[in-house]
Protein chains: 2
Amino acid sequence: MKIELERVAPMEIEARSFEIIGQELPHPIDEKLAPIIKRVIHTTADFDYADTLCFSEGVLEKALDAIRGGAAIVTDTTMAMSGINKKALAKHGGEAFCFIGDPDVAEAAKNSGTTRAVQAMEKAAKLDRPLIFAIGNAPTALIHIYEMISEGRLDPKLVIGVPVGFVNVVQSKEFIMTADVPYIVARGRKGGSNVAAAICNALLYMLGR
Amino acid sequence: MKIELERVAPMEIEARSFEIIGQELPHPIDEKLAPIIKRVIHTTADFDYADTLCFSEGVLEKALDAIRGGAAIVTDTTMAMSGINKKALAKHGGEAFCFIGDPDVAEAAKNSGTTRAVQAMEKAAKLDRPLIFAIGNAPTALIHIYEMISEGRLDPKLVIGVPVGFVNVVQSKEFIMTADVPYIVARGRKGGSNVAAAICNALLYMLGR
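What counts as what
Residues numbered from 1 in each chain as written. Chains lettered and ligands numbered in written order. Predicted model: local features only at pLDDT ≥ 70, side-chain atom pairs only at ≥ 80, totals over all residues. Heavy atoms only, no water. Contact = heavy atoms within 4.5 Å. Buried area = accessible area lost by both parts, 1.4 Å probe. Salt bridge = Lys/Arg side-chain N within 4 Å of Asp/Glu carboxyl O. Polar contact = N/O pair within 3.5 Å; in protein donor to acceptor, adjacent residues only side chain to side chain. Pairing = 2+ DSSP bridges. Helix = DSSP H or I, 4+ residues; strand = E, 2+ residues; numbered from the N terminus. Axes fitted to C-alpha atoms, helices over the stretch in contact; angles between N-to-C directions. Least-squares fit on C-alpha atoms with pLDDT ≥ 70 in both. Core = buried A, V, L, I, M, F, W, Y, C linked by side-chain atoms within 4.5 Å. Buried < 20%, exposed > 50% of the residue type's maximum accessible area, 1.4 Å probe, protein only.

For the rest of this paragraph, the subject is the interface of chain A and chain B. Think of interface size as the accessible area that goes away when the parts come together; that is how it is often given. Counting residues at the interface gives 41 residues for chain A, matched by 41 residues for chain B. Both sides of the chain A and chain B interface together cover about 3400 Å² of buried area, and 69% of this is carbon and sulfur. By the criterion of area lost to chain B, the three top residues of chain A are Met 79, Phe 166 and Val 167 of chain A, representing 22% of everything that side buries. At the junction of chain A and chain B, the tally comes to four salt bridges. Where Asp 46 of chain A meets Lys 190 of chain B, a salt bridge forms, and the shortest distance between an N and an O atom there is 3.8 Å. At the boundary of chain A with chain B, the tally comes to eleven residue pairs in polar contact (both at pLDDT 80 or more).

Next up, the structure:
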């Protein structure tokens, strides 16, 4: 068996990948949103996202404004936080947070009979700065964000709702799309911490690398 | 619009998810390997993995032996490392490492005109203990592992080869499957740091949670 490698310089692999993605897209996509859609496909090799990613009206401008304004990005997993380009975020005064492993969050979950994901969102809501939520794992986190918005206790600049899975994942995304909040959602079961991070990075890279 | 949530206690969501995955599998799968295949589908909501995951002969026993023997897991991204259950790994004396961000790795890449992924694998090869590689991102890392094995410089206990992407990803996986080494590979373009971590965790959980 002869396996042939494509000769592409390391620095050009990403550009070449985006070129291939552009050629293989199942249908034309919105040009302004293309960097986000393509980066998610780049991260997953899954063209389903060309159809499942949903964007609220004017979300791009609002998201970029939030980042420029030094918004904090709150994730529901350390994995998503780990995938976000913190250096690019810091350029705008932003920081990434994940409270899921905090002892006070575990304690609050135990005392209230809720989940750590819910309590991590409660803790995030107390941050006194513009907030972007990037939820790639826990539908309970996304549902709790929806509830806090509904109760008037939370006003995020952007909710990235891309949890993955089989139980209440689809529903959690439908909920957040009914809240009056800027959103980027991967409709259906698919998503993940990698997808959440990819969307954050796509936004950051739109403001320069 | 009425969105109905499924009533499942937080502790039962994973079991319920695995049940759904079992019901929706496109075809029967090997019972012994099912915990790995199902966990990858759980992590991605992508049933393609029921067809693309490839296992070398007897890999399961070899992988579990390696973990019981205190093998180190080396990843190519901090994201994959972040997703591995380090507590479960530590029970067996194992540790997870990711060298991609190390200053000496960056320096070596610069001096040698290679990539940080390649140099991170070189650094890992110097660890004096049983090694498991979990590659979810960089095909160059996987190709370099193949080369070090071919040169007789590396003898890993297991290679998890699941990089994702469009340039040399497919080829890197075909290469590693020709090396005489225990492997778990996601054939094709799909994979990811989340998939790499899910496979590690599936193995760890087979030894108890």
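What follows picks up the thread again.
Turning to the sheet that holds strand β5 (residues 158-161) of chain A, a few remarks are in order. All names here are of chain A. Taken in spatial order, the six strands line up as β1-β6-β5-β4-β2-β3 in an open sheet, and their pairing is mixed. Either end of the sheet is taken by a strand with one partner, and the two such strands are β1 (53-55) and β3 (96-98). Looking at each pair of strands side by side, their axes are set apart by 15° on average, direction ignored. The sheet contact formed by strand β2 (residues 72-75) and strand β4 (residues 131-135) spans four bridges and is parallel. Bridging across to β4, Ala 72 finds its partner in Leu 131. Sheet strands in contact with helix α9 (residues 139-150) are β4 and β5, and its direction is about 150° off that of β4.

Once that is clear, we can look at the relation of the copies chain A and chain B. Once chain A is rotated about the relating axis by 180° and shifted along it by 0.0 Å, it coincides with chain B to within an RMSD of 0.0 Å. Here the two chains are linked by the operation of a two-fold rotation axis. Considering only C-alpha atoms, the residue of chain A closest to the rotation axis is Met 79 of chain A, which sits at 2.6 Å. A shared interface surface links the copies, since 100% of the contact residues of chain A are contact residues in chain B too.

Turning next to the nonpolar core. One broad trend across soluble globular proteins is that nonpolar side chains are buried collectively. Ile 41, Ile 199 and Leu 203 of chain A together with Ile 41, Ile 199 and Leu 203 of chain B are the most contacted members of the largest nonpolar core, which totals 102 residues. Among all residues touching Leu 203 of chain B, those that are not within four sequence positions of it are Ile 36, Leu 60, Ala 63, Leu 64, Ile 67, Leu 158 and Ile 184 of chain B.

Take the sheet that holds strand β4 (residues 131-135) of chain B next. Sheets are built from strands paired through backbone hydrogen bonds, the pairs being either parallel or antiparallel. Residue and element names in this part refer to chain B. Taken in spatial order, the six strands make up an open sheet running β1-β6-β5-β4-β2-β3, and their pairing is mixed. Only two strands of the sheet have a single partner each, and these edge strands are β1 (53-55) and β3 (96-98). Taken over all neighbouring pairs, the strand axes of this sheet differ in orientation by 15° on average, direction set aside. Both strand β5 (residues 158-161) and strand β6 (residues 183-186) contribute to a ladder of three bridges, which runs parallel. Of the residues in β6, the one forming a bridge with Ile 160 is Ile 184.

Geometric descriptors of this kind do not, in isolation, establish any biological role.
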